[in-house]
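Residue-level listing of the chains:
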Amino acid sequence: MFKLASCDGCQLTLLDCEDELLAVAEAVDIVHFPEASSKVLPDGPFDVVLVEGSVSTTAQLDELRHIRACTRVLITIGACATTGGIQALRNFADHDEFVRAVYARPDYIDSLTTATPIADHVGVDFELRGCPIDKGQLIEVITALLVGRKPAIPDESVCLECKRRGTVCVVVTKNEACLGPVTHAGCGAICPAFARGCYGCFGPRERPNTRALATLLKKHGADDPEVRRHFRLFTGYSKEFREESERHE
Amino acid sequence: MPERIAATELNSLVSLLQADGYRVIAPTIRDGAIVYDEIASAGELPVGWTDDQAPGEYRLRRRDDSAAFGYVVGPHSWKQFLFPAREQLVTLRVRDKQPEWSAVADEGPAYAFVGVRGCDLAAIEIQDTVFTKGPFVDGRYRARRDRCLIIAVNCTEAGDLCFCASMGTGPRADGDYDLRLTEVGDELLVEAASARGRSLMDRLPTQAGGEALQVQADQAITQCGDAMGRSLNVTDLPAKLMGNLEHPRWQDVAERCLSCGNCTMACPTCFCSNITDTSILSGDETARERSWDSCFTADHSTIHGAQFRPDVKSRYQQWLTHKLATWTSQFGTSGCVGCGRCIAWCPVGIDITEEANAIAAGPGHPAPLPEPKQYEARENDGQVPVPVRVASVVRETHDTVTLTLDLPDGYQHGHGQFNMLSLPGVGDVPISVSGSNGQALEHTLRDVGKATGALADLVTGDVLGLRGPFGTAWPIEEAVGRSVVLIAGGIGLAPLRSVLREMIARHDDFPHLRLLYGTRTPNDILFSRELLGWIQNSRVRAHVTVDRGDSSWDGNIGVVTKLIRRKRLPKDGLYFLCGPEIMMHFALAELLADDVPEKNIYVSMERNMKCAVGLCGRCQYGPHFVCKDGPVFRYDQISDIFGKSGF
Ligand SMILES: Cc1cc2nc3c(=O)[nH]c(=O)nc-3n(C[C@H](O)[C@H](O)[C@H](O)COP(=O)(O)OP(=O)(O)OC[C@H]3O[C@@H](n4cnc5c(N)ncnc54)[C@H](O)[C@@H]3O)c2cc1C
Ligand code: SF4
Ligand code: SF4
Ligand code: FES
């Protein structure tokens, strides 16, 4: 397990798998896990590496290239690693201005002008989405890897999960702004179950019709800046959400 | 005789049902909508509430009376109780490396559904047909259905999205109910239609004099039917829709449609499901689970090497034509009951009546669909694999192996049928029988993905799961005495080998046999030694061609269609084709150009499969299911849709 620019939430998901963690620990030999121990970075080679976080600094880019070179299966986990994450919002803005506004000594800050997903830099074997990732899905990916099959991670819309759990649609009853129809399933449709629209944490689903959703948001009263804000959240730098948000510049 | 009861007495009905041991499921208010959920008393009914509905919109509103049933249908349907959104089908226990599969019994409660409308009663009957009318029967569904008691309600006020009158399913709730209510003012008319219903009626505080109330009730129901919010022109609708697949409206709706699948989830008749194996990391017992699926996902129509419905247009087309057209062929009724749910719960408000009316009015020539097939219902759902031992493994080519399995007890198959082969935690995949004798069963499979890869790695003595045989076979008896030409591409030779062996063994019945076989390179030729044997003993005239030759190859080069052109083939012969769809497409073109009648040609089709028994909806191919009506089809049955995009 490695981390780049991220909040550690996805790593915590693995620690959270209390019941399954023992089985995981039995099946694999965990050699590096920053959130669980402070052991120094081993050299590799590794059979499997889970990487959390996006590429935000040149040091991270170097580290990432090193990891890739000595890893057989590289799995990226979470919105940061797969789409750039919330920090990728800076890609839409003036990076230097951000740095000046936030830090007292901007000259101490050494960061790239963009925060980008890992697949932009090195080859990735599997991307597990989410902000944070879902624990059931993480276990599924690890198991599938051990058994040697394709992980059963559906690329369908959040709506299907929402309907399976019997939630009443918040768009239809309340005109709530919801990214569910264009968002990758996996969270179990949590937000609509608490009467909120989906924030798109898992990023775009297969073939999202973002245009049709933007039209709907507008019909329900959103103006261009609002539509842009809806698409630019935790996974706003993903290709499809980015392109849709740019249509509302 | 109908009787009358005061609306305030509804709670005595709920109490009676509870006393009889039922869990009472009824309309009740939750999260801004009228949902179906368990109620403890009649006080939880939405008394004095109604729903205002428009495409993509649903709002609750207070009524100015205290009607208990003064609304129509909401986001839920009764299918969530009879066909749960998630359900375990089979469990698997591995003991000493021996997998053991067993069916999950249904031990759910007995439900009493209160407030089932005409449309929903029809929807339940439609799902009864899907799940219990064969060839395989979903026993868990049937058990839940048999236990369930239905209290129907006639509609006296239509909603803005209702069109049951067009579909012939309402507003009167006719069909398989136990008790039926009609609300008139502050009274209810009560009618019983079954022994269970009469027993309830006997115990309810009803009064005689139902006839007078009946007159008023009938009037209200008739008026309701005349005041439908929507209508659908159903005259010749299936043929009109199938004749207008090129209508520009499909593209238009594809631009609006989110392909979110909400319509399919909300629909009370949609039954597609996915079947997955749960993880085996955390224990030695795992489960195979079925969950609601939708034709709007990519996975639904994806097989190795092809996605049959890649875009929103073809997915919407599949949904609409299935509901309103091909369903008729599959199950003998429309798949739509006119409840309007898909209109309300579509976030962007796409209206099935508007789309279907517009498309059916298009200029296309009506294309009638085949008559519905009748199946004999068996007693099981075919989902439980039996453990079988691998007797031997032969590596045929670099990516293809033949697994010889011990023959399961009592197993019999037709040539061309397939089995589902399972590995614990990996899932199961359809593989044709490539040969058999009294003791063993052969499967020849190409390693293209995770499941086939894991199967190809098996060694002698390993145990895997097998369920089957499924599907149709090559029509071997029809071929007796006639010329038979087998045309195979790549791995497509495997399903043909078993029939070929049988015909070779019965030389007197099949004196004129020909095999045209095309493959990628000389190294990809399957069963090469056996092939040589056949050629040498001249019981079959075999011609092999490769796409790309090498230095050792002095045979034919080029696609298999070239062979068809070169050999003079009998017009009155029978043709069996199996291979990639594109190869069959070109082969068919050659044969048809040579005036071979469509009914003399048989093809073996492939679509995504999960259940293999006609219950998961995945392998739909227009009006057919590849798993139960195929994989072997007589070409004239599918010539209308073969090679067409979207199918
Ligand atoms: C009736 C029938 C008979 C077949 N007979 C043979 C045979 O004799 N030999 C052989 O090598 N192959 C055969 N196939 C194809 C074989 O089933 C697929 O290659 C296999 O399902 C691929 O699974 P996978 O997990 O290895 O591949 P992946 O690409 O990882 O597939 C993932 C999942 O998609 C589904 N899927 C993918 N491809 C197919 C497919 N072609 N058909 C149905 N579902 C699919 C399965 O559920 C599979 O588990 C047959 C298919 C059908 C429908
Ligand atoms: S297709 Fe629409 S109107 Fe017809 S039964 Fe399904 S949800 Fe109801
Ligand atoms: S028709 Fe509506 S509900 Fe159905 S998939 Fe399209 S947008 Fe979703
Ligand atoms: S219906 Fe399930 S595979 Fe055919």
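Residues numbered from 1 in each chain as written. Chains lettered and ligands numbered in written order. Predicted model: local features only at pLDDT ≥ 70, side-chain atom pairs only at ≥ 80, totals over all residues. Heavy atoms only, no water.

Asker: Please set out the overall build of chain B residue by residue, giving values where relevant.
Answerer: When you go through chain B residue by residue, the secondary structure sums to 19 helices and 30 strands. For chain B, the spread of C-alpha atoms along the principal axes amounts to about 90 × 65 × 40 Å. In chain B, which comprises 647 residues, the proportion classed as buried is 60%. Here chain B has roughly 24700 Å² of accessible surface; of this, 48% comes from carbon and sulfur atoms. (Helix = DSSP H or I, 4+ residues; strand = E, 2+ residues; numbered from the N terminus. Buried < 20%, exposed > 50% of the residue type's maximum accessible area, 1.4 Å probe, protein only. Areas by Shrake-Rupley, 256 points an atom, 1.4 Å probe, with all protein chains shown as cover.)

Asker: Outline the overall build of chain A, listing residues and values.
Answerer: Looking only at helices and strands, one finds 12 helices and 4 strands in chain A. For chain A, the C-alpha radius of gyration of 19 Å lies close to 18 Å, the compact-globule estimate for 249 residues. Projected onto its principal axes, the C-alpha positions of chain A cover 55 × 50 × 30 Å. Put simply, of all contacts in chain A between residues at least 6 apart along the chain, 70% involve residues at least 24 apart. Only carbon and sulfur atoms are counted for the fraction: they give 52% of the accessible area of chain A, which is about 11200 Å². Averaging the coordinates of the 28 positive side-chain charges in chain A and doing the same for the 36 negative ones gives two points 7 Å apart. (Rg over C-alpha atoms; globule rule 2.2 N^0.38 Å. Contact = heavy atoms within 4.5 Å. Lys, Arg positive; Asp, Glu negative; His and termini not counted. Charge placed at Lys NZ, Arg CZ, Asp CG, Glu CD.)

Asker: Talk me through the pairing of strand 23 (residues 513–519) of chain B; I want residue IDs and the actual numbers.
Answerer: Residues and elements named next belong to chain B. The element strand 23 is extensively covered by neighbouring structure, given that 7 of its 7 residues are classed as buried. Taken together, strand 22 (residues 484–489), helix 15 (residues 493–505) and strand 23 form a β-α-β motif whose crossover is right-handed. Summarising the sheet, strand 23 and strand 24 (residues 541–546) pair through 6 bridges and their orientation is parallel. Opposite Gly 518, over in strand 24, you have Thr 545 as the bridge partner. (Right-handed = clockwise from strand over helix to strand, strands pointing away. Pairing = 2+ DSSP bridges.)

Asker: Account for the site of ligand 1, with residues named and values stated.
Answerer: Near ligand 1 there are 23 residues, and of these His 304, Pro 430, Arg 446, Thr 452 and Glu 606 of chain B occur at the shortest range. Taken together, the residues near ligand 1 originate from chains A and B. In the model, a nitrogen atom of ligand 1 is placed 2.9 Å from a nitrogen or oxygen of the Thr 444 of chain B main chain. Contacts to ligand 1 include Arg 446 of chain B, whose backbone N or O atom sits 2.7 Å from an oxygen atom. Elements with a minimum of two residues in the shell around ligand 1: strand 19 (427–436), strand 20 (440–446) and helix 14 (450–456) of chain B. With 4 residues, the top contributor of residues to the shell around ligand 1 is strand 19 of chain B. Split by residue class, the shell around ligand 1 holds 11 nonpolar, 6 polar and 6 charged. (Near = heavy atom within 4 Å. Polar contact = N/O pair within 3.5 Å; in protein donor to acceptor, adjacent residues only side chain to side chain. Nonpolar A, V, L, I, M, F, W, Y, C, P; charged D, E, K, R; others polar.)

Asker: Provide a residue-level description of empty space enclosed by the protein, including the pertinent values.
Answerer: All names here are of chain B. Under the defined criterion, the tally for this structure stands at 12 cavities of 30 Å³ or more. The space that makes up the largest cavity amounts to roughly 120 Å³. Taken together, 14 residues line the largest cavity, and the ones lying closest to its centre are Cys 257, Cys 263, Tyr 316, Cys 346 and Ile 350. Class assignment for the residues of the lining of the largest cavity results in 12 nonpolar, 2 polar and no charged. (1 Å grid on protein atoms, 1.4 Å probe; cavity = no way out; pocket = protein on both sides within 12 Å on 5 of 7 lines; lining within 4 Å. Points joined across faces, edges and corners; volume = space filled by probe spheres on them.)

Asker: Which residues make up the interface of chain A and chain B, and what values do they have?
Answerer: Contact residues are listed per partner, giving 35 residues for chain A and 50 residues for chain B. Broken down residue by residue, the surface that chain A buries against chain B is led by Lys 163, Arg 164 and Val 172 of chain A, which jointly contribute 21%. Where chain A meets chain B, there are 1 salt bridge. Residues Arg 315 of chain B and Glu 206 of chain A are paired through a salt bridge, measuring 2.7 Å at the closest nitrogen-oxygen approach. Linking chain A with chain B are 16 residue pairs in polar contact (both at pLDDT 80 or more). Those elements that place two or more of their residues in the side of chain A that touches chain B are helix 2 (18–27), helix 6 (135–147), helix 7 (158–164), helix 8 (170–174) and helix 10 (210–219) of chain A. A per-element tally of the side of chain A that touches chain B places helix 6 of chain A first, with 5 residues. (Buried area = accessible area lost by both parts, 1.4 Å probe. Salt bridge = Lys/Arg side-chain N within 4 Å of Asp/Glu carboxyl O.)

Asker: Could you give me a rundown of the site of ligand 2, with the residues and numbers involved?
Answerer: All names here are of chain B. By nearness alone, 13 residues border ligand 2, and Cys 267, Cys 336, Cys 339, Gly 340 and Cys 342 come closest of all. Only helix 11 (312–331) and helix 12 (341–344) provide two or more residues apiece to the shell around ligand 2. Counted by class, the shell around ligand 2 contains 9 nonpolar, 2 polar and 2 charged residues.

Asker: Give me the sheet that holds strand 26 (residues 574–578) of chain B: which residues, what numbers.
Answerer: Residue and element names in this part refer to chain B. Across the sheet, 7 strands lie side by side as 25-24-23-22-26-27-30; this open sheet has mixed pairing. At either margin of the open sheet sits one strand with a lone partner, and together these are strand 25 (556–557) and strand 30 (632–634). Of the strands in this sheet, strand 22, strand 23 and strand 26 are in contact with helix 15, which crosses strand 22 at around 155 degrees. (Axes fitted to C-alpha atoms, helices over the stretch in contact; angles between N-to-C directions.)

Asker: Quick one: what's the story with the domain arrangement of chain B, residue by residue and with numbers?
Answerer: Residues and elements named next belong to chain B. Partitioning chain B into domains gives domain 1 (3–226), domain 2 (237–360), domain 3 (386–470) and domain 4 (477–604). One C-alpha centre belongs to domain 3, the other to domain 4, and the line joining them spans 24 Å. Domain 3 puts 17 residues into the contact, and the matching count from domain 4 is 14 residues. In total, about 1200 Å² of surface goes out of reach between domain 3 and domain 4, with carbon and sulfur atoms giving 50% of it. Joining domain 3 to domain 4, the criterion identifies 3 salt bridges. Across the pair Arg 501 and Glu 442 runs a salt bridge, and its minimum N-O distance is 2.9 Å. Counting across the domain 3 and domain 4 interface gives 6 residue pairs in polar contact (both at pLDDT 80 or more). Of all the secondary structure elements, the ones that give two or more residues to the side of domain 3 that touches domain 4 are strand 16 (386–397), strand 17 (400–406), strand 19 and strand 20. Counting residues per element, the side of domain 3 that touches domain 4 draws most heavily on strand 19, at 5 residues. (Domains from an automatic or database assignment.)

Asker: Quick one: what's the story with the domain arrangement of chain A, residue by residue and with numbers?
Answerer: All names here are of chain A. The assigned domain composition of chain A is domain 1 (2–147) and domain 2 (158–246). Just the C-alpha atoms count here: the centres of domain 1 and domain 2 sit 25 Å apart. The interface of domain 1 with domain 2 comprises 17 residues on the first partner and 17 residues on the second. With both sides pooled, the region where domain 1 packs onto domain 2 buries about 1300 Å², and carbon together with sulfur makes up 66% of that total. For domain 1, the biggest contributors to the area lost against domain 2 are Thr 83, Phe 92 and Arg 129; these three give 45% of the whole. Our enumeration of links across domain 1 and domain 2 arrives at 0 salt bridges. The interface formed by domain 1 and domain 2 contains 2 residue pairs in polar contact (both at pLDDT 80 or more). The residue inventory of the side of domain 1 that touches domain 2, partitioned by class, reads 9 nonpolar, 6 polar and 2 charged.

Asker: An account of the packing of helix 10 of chain A against helix 12 (residues 239–246) of chain A is needed here, citing residue identities and associated values.
Answerer: All names here are of chain A. Between helix 10 and helix 12, the least distance of the axes is 10 Å, while the angle of their chain directions is 45 degrees. Relative to helix 12, the element helix 10 is oriented oblique. When you trace helix 10 past helix 12, the crossing you get is right-handed. Residue-level contacts link Thr 210, Arg 211 and Ala 214 of helix 10 to Glu 240, Phe 241 and Glu 244 of helix 12. Class assignment for the residues of the contact of helix 10 with helix 12 results in 2 nonpolar, 1 polar and 3 charged. (Parallel < 35°, antiparallel > 145°, perpendicular 65-115°, else oblique. Left-handed = near helix turned anticlockwise from the far one by under 90°.)

Asker: For the side chain of Asp 277 of chain B, give the residues involved together with the corresponding values.
Answerer: Mapping Asp 277 of chain B onto the fold places it in strand 12 (residues 273–277). When its relative accessible area of 12% is taken as the criterion, Asp 277 of chain B is described as buried. A polar contact is formed between the side chain of Asp 277 of chain B and the side chain of Arg 288 of chain B, at a distance of 2.7 Å. Sequence-distant contacts of Asp 277 of chain B, defined by excluding residues within four places in its chain, comprise Arg 149 of chain A together with Ala 287, Arg 288, Leu 423, Pro 424, Gly 425, Val 426 and Gly 427 of chain B.

Asker: Explain the nonpolar core residue by residue, including any values.
Answerer: In this structure, Leu 17, Phe 113, Trp 319, Leu 320, Ile 487 and Leu 577 of chain B are the most contacted members of the largest nonpolar core, which totals 173 residues. The next biggest cluster of nonpolar side chains, apart from the first, holds 31 residues, and it includes Ala 488, Ala 494, Phe 527 and Ala 542 of chain B. (Core = buried A, V, L, I, M, F, W, Y, C linked by side-chain atoms within 4.5 Å.)

Asker: Would you mind going over helix 11 of chain B in detail, with residue names and values included?
Answerer: Residues and elements named next belong to chain B. Maximal helix bending in helix 11 amounts to about 60 degrees, located at His 322. For helix 11, the tally of buried residues reaches 18 of 20 residues, placing the bulk of the element in the interior. The first or second residue beyond helix 11 is Gly 332, which carries a positive phi of 85 degrees. (Bend = angle between axes of the 7 residues up to and from the residue.)

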